[in-house]
Amino acid sequence: MKVTLWGTRGSLPSCAPETMRYGGNTACVEVRADDGTLIVLDAGSGIRRLGETVSADAPRIDILLTHLHMDHIQGLGFFAPFFRGTGEVHIWGPPSTTADLRTRLGRYLSPPLFPVRLRDLGPRVVLHDSMQGPARIGSLTVESALVVHPGPTVGYRISEGLRSLAYLPDHEPALGARRFPDSNRWTSGFDLAARADILIHDAQYTSDEYRSRSGWGHSSLEQVAAFAEATLVDRLVTFHHDPSHDDATLDLLHASMAGRSPIKIEPGREGLSLTV
């Protein structure tokens, strides 16, 4: 499968000359299977550009939301396939004990926050709670599990044959751990990431920043590298870059990891395409 990053920024779009290389759009990742199956991971502002590349005759698109914080859904109303084409668009999101996914998404996709209501998108848009246990979407197998982040949040693992991608864009597995990483049983997201070929993971903070932001739901670059080593992934792609970190800052952060981890670490940037 082919994986393309359309938005790599966290919390807030940060589009400026000093963020051009890594990108300023919020979370969105395209996954294409060999048979054409299309899965979109999160619907941040990066989904607008992705939507422009999707064929109008695509029979089905699946959007898998990790959670409903604004930076992960703010692009939904600008996704072109909602307004053209005849295929179905399936939206999956984390379960809640208080309201179904349609009700929760409708709080954003309705006035006064947005002029188009979710119900106006018509019957082609089908909503689901995230799958319980492995599910098949085309030729891909999708697994999800709740992970540590404020509010209902899931991570995803997508497999095609023996190859796998793990996606945990907002994740704080070190929260509450006396030492990190702890045993497999007590490490959030461990099973989703274990031995994945590629892990796309939150790396929003420096170590100094994390000390004053513990509990905010994100990780430092050093913590992510330790998580990747513990889960024995083959390749780590850092994600959810802080909106205040410009290109030069991200260059320095990743250069500081050189030689400190046996894992191949690649900073996520808009336009990066990977083959799993």
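Preceding block: the structure.
Residue indices begin from 1 for each chain and proceed along its sequence in written order. This being a predicted model, a pLDDT of at least 70 is required before a residue's local features are given, and a value of 80 or more before pairs of side-chain atoms are given or counted; all residues contribute to the totals for chains, interfaces and linings. Side-chain figures throughout are based on the complete set of non-hydrogen atoms in the structure, without hydrogens or water.

On to unusual backbone geometry, then. Residue Pro112 follows Pro111 across a cis peptide bond; omega there is 5 degrees. Tracing the chain through its elements places Pro112 in the loop between helix 2 (101–106) and strand 6 (125–129). Omega for the peptide link from Phe180 to Pro181 comes to 0 degrees, which places this bond in the cis form. The way it works is that DSSP assigns letters per residue, a run of H or I at least four long becomes a helix, a run of E at least two long becomes a strand, and they are numbered from the N terminus. Secondary-structure assignment places Pro181 in the loop between strand 10 (163–168) and helix 3 (190–193). Its identity as a non-glycine residue notwithstanding, Ser11 has a phi of 75 degrees, on the positive side.

So, about helix 6 (residues 247–255). A 1.4 Å probe rolled over the protein chains alone gives each residue an accessible area, and that area as a share of the maximum for its type sets the label: buried under 20%, exposed over 50%, partly exposed in between. The complete set of buried residues in helix 6 reads Asp247, Leu250, Leu253 and His254. What you see down the axis of helix 6 is that its buried residues fit within an arc of 125 degrees, all on one side. Summarising the geometry of helix 6, the exposed residues directed more than 90 degrees from the buried face are Leu252 and Ala255. Throughout, a contact is declared for two residues whenever any of their heavy atoms are within 4.5 Å. Buried residues along helix 6 sit against helix 5 (221–231), strand 12 (235–239) and strand 13 (264–267). Regarding the arc, it is the one traced by the directions from the helix axis to the C-beta atoms.

Attention shifts here to the pairing of strand 13. Alignment of strand 12 against strand 13, held across four bridges, turns out to be parallel. What sits directly across from Thr238, in strand 13, is Pro267. Note on handedness: a crossover is taken as right-handed if, strands pointing away from the viewer, the path from the first strand over the helix to the second is clockwise. Handedness of the crossover is the feature at issue here: the chain leaves strand 12, passes through helix 6, returns alongside strand 13, and the resulting connection is right-handed. Any two strands between which DSSP finds at least two bridges are classified as paired.

Every definition here rests on a 1 Å grid over the protein atoms only: cavities are sets of points where a 1.4 Å probe fits but cannot get out, pockets are open sets enclosed by protein on both sides within 12 Å along at least five of seven lines, and lining residues have some atom within 4 Å of a point. Grid points are joined across faces, edges and corners, and a volume is the space filled by probe spheres set on the points. According to the stated counting rule, one finds two cavities of 30 Å³ or more in the structure shown. The computed volume of the largest cavity comes to approximately 60 Å³. Residue assignment for the lining of the largest cavity shows that the elements contributing at least two residues are strand 4 (60–64) and strand 5 (88–93). Gly is placed with the polar residues, together with every amino acid not listed as nonpolar (Ala, Val, Leu, Ile, Met, Phe, Trp, Tyr, Cys and Pro) or charged (Asp, Glu, Lys and Arg). Split by residue class, the lining of the largest cavity holds five nonpolar, four polar and four charged. Space inside the second largest cavity adds up to approximately 30 Å³. Taken together, Ala203, Leu221, His241, His245, Leu250, Leu253 and His254 form the lining of the second largest cavity. Counting residues per element, the lining of the second largest cavity draws most heavily on helix 6, which supplies three residues. Across the lining of the second largest cavity, the residue classes break down as four nonpolar, three polar and no charged.

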